[in-house]
Amino acid sequence: QLVESGGGSVQTGASLRLSCAASGRTFSSYSMGWFRQAPGKEREFVAVINWSGVWTYYADSVKERFNISRDNDKNTVYLQMDSLKPEDTAVYYCASSSWGADPNERNYADWGQGTQITVSS
């Protein structure tokens, strides 16, 4: 089970940190990804981190502004979001993959319920 937290409503330029807590699994065996879905749009990849936390990859739209990290002792993955823009408004989901760290959501078997981020101008 994956449970996201940390969403909210902020103004342009603000920061937020999302958390995703995992239970019932060997967390350190999985790559973890963040995805988002804006109203009327398809879900899109945001960031991914491999099982050890050594390797990360970001969508171009969030590179240099977002940072993904994980704490395997706490079974938690984080998404630090800085310099937020209105176009970052979406429901953010975390997901786990046993296939490796890549942006293809078809490789992610388990998903959280999502947390809403709203950025106003």
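Going by the structure above, here's the rest.
In this text, all values refer to a predicted model and were calculated from it rather than measured experimentally. (Residues numbered from 1 in each chain as written. Predicted model: local features only at pLDDT ≥ 70, side-chain atom pairs only at ≥ 80, totals over all residues. Heavy atoms only, no water.)

**Describing a nonpolar patch on the surface**
The criterion, for reference: Each patch is built from residues that are more than 30% exposed by relative accessible area and take part in no salt bridge. Like charges join if they lie within 9 Å; nonpolar side chains (Val, Leu, Ile, Met, Phe, Trp, Tyr) join within 5 Å. For every accessible area listed, the method is Shrake-Rupley and the probe measures 1.4 Å; residues are considered covered only by the protein chains on display. When a carboxyl oxygen of Asp or Glu is within 4 Å of a side-chain nitrogen of Lys or Arg, the pair counts as a salt bridge. Accessibility here uses a 1.4 Å probe with only protein chains present; expressed as a share of the type maximum, an area under 20% marks a residue as buried, one over 50% as exposed, and anything in between as partly exposed.
Residues Val54, Trp55 and Tyr57 make up a contiguous nonpolar surface patch of about 340 Å² in total accessible area. Look at Val54 and you get exposed, because its relative accessible area is 72%.

**A short note on the packing of aromatic side chains**
Our working definition: Centres within 6.5 Å are what make two rings of Phe, Tyr or Trp a pair, Trp counting through its six-membered ring; a difference in plane orientation under 30 degrees is then read as stacked, over 60 as edge-to-face, and the rest as tilted. Going along the chain from the N terminus, every DSSP run of H or I of four or more residues is numbered as a helix, and every run of E of two or more is numbered as a strand. Should the NZ of a Lys or the CZ of an Arg lie within 6 Å of a ring centre and within 35 degrees of the ring normal, that charge is described as sitting over the ring.
Taken as a whole and assessed by the stated rule, the structure comprises 7 aromatic pairs. Look at Phe35 and Tyr108: their rings are 5.0 Å apart centre to centre, the planes differ by 80 degrees, and that puts the pair in the edge-to-face class. One end of the pair, Phe35, is in strand β4 (residues 31-37); the other, Tyr108, is in the loop between β9 (90-97) and β10 (110-111), and 73 residues separate them in sequence. The same class applies to Phe35 and to Tyr108, which are both buried. Ring pairs connect the aromatic residues Phe35, Phe45, Trp55, Tyr57, Tyr93, Tyr108 and Trp111, which therefore count as one cluster. A cation over a ring is seen here: Arg43 above Tyr93, with NZ or CZ 5.4 Å from the ring centre.

**Remarks on the nonpolar core**
Rule in force here: Residues belong to a common nonpolar core when they are buried Ala, Val, Leu, Ile, Met, Phe, Trp, Tyr or Cys residues joined through side-chain atoms within 4.5 Å.
Among the nonpolar cores identified, the biggest contains 32 residues, and Trp34, Leu79, Met81 and Tyr92 are the most heavily contacted of them. Going through the elements one at a time, β3 (16-22), β4, β5 (44-49), β7 (66-71), β8 (76-81), β9 and β11 (115-120) are the ones with two or more residues in this core. In terms of residues, this core owes the most to one element, β5, which gives 5 residues.

**A look at the state of the cysteines**
Two cysteines joined by a covalent bond between their sulfur atoms form a disulfide. Put simply, the rule reads: To count as a disulfide, a pair of cysteine sulfur atoms needs to be within 2.5 Å.
Inspection of the entire model under this criterion finds 1 disulfide. With a sulfur-sulfur separation of 1.9 Å, Cys20 is cross-linked through a disulfide to Cys94. On the sign convention where negative is left-handed, the bridge of Cys20 and Cys94, at about 50 degrees about the S-S bond, is right-handed. One end of the pair, Cys20, is in strand β3; the other, Cys94, is in strand β9, with 74 residues separating them in the sequence. Look at Cys94 and you get buried, because its relative accessible area is 0%.

**Let's talk about the pattern of salt bridges**
Within this structure, the stated rule accounts for 5 salt bridges. Its salt-bridge partner being Lys63, residue Asp60 comes within 2.9 Å of it at the nearest N-O pair. What makes Asp60 exposed here is its relative accessible area of 65%. Notably, a salt bridge pairs Arg65 with Asp88, separated by 2.7 Å at the nearest N-O pair. Of the two residues, Arg65 is situated in the loop between β6 (56-58) and β7 and Asp88 in the loop between β8 and β9; the sequence distance between them amounts to 23 residues. Exposure remark for Arg65: the relative accessible area of 11% places this residue in the buried category. Given the relative accessible area of 0%, Asp88 is considered buried.

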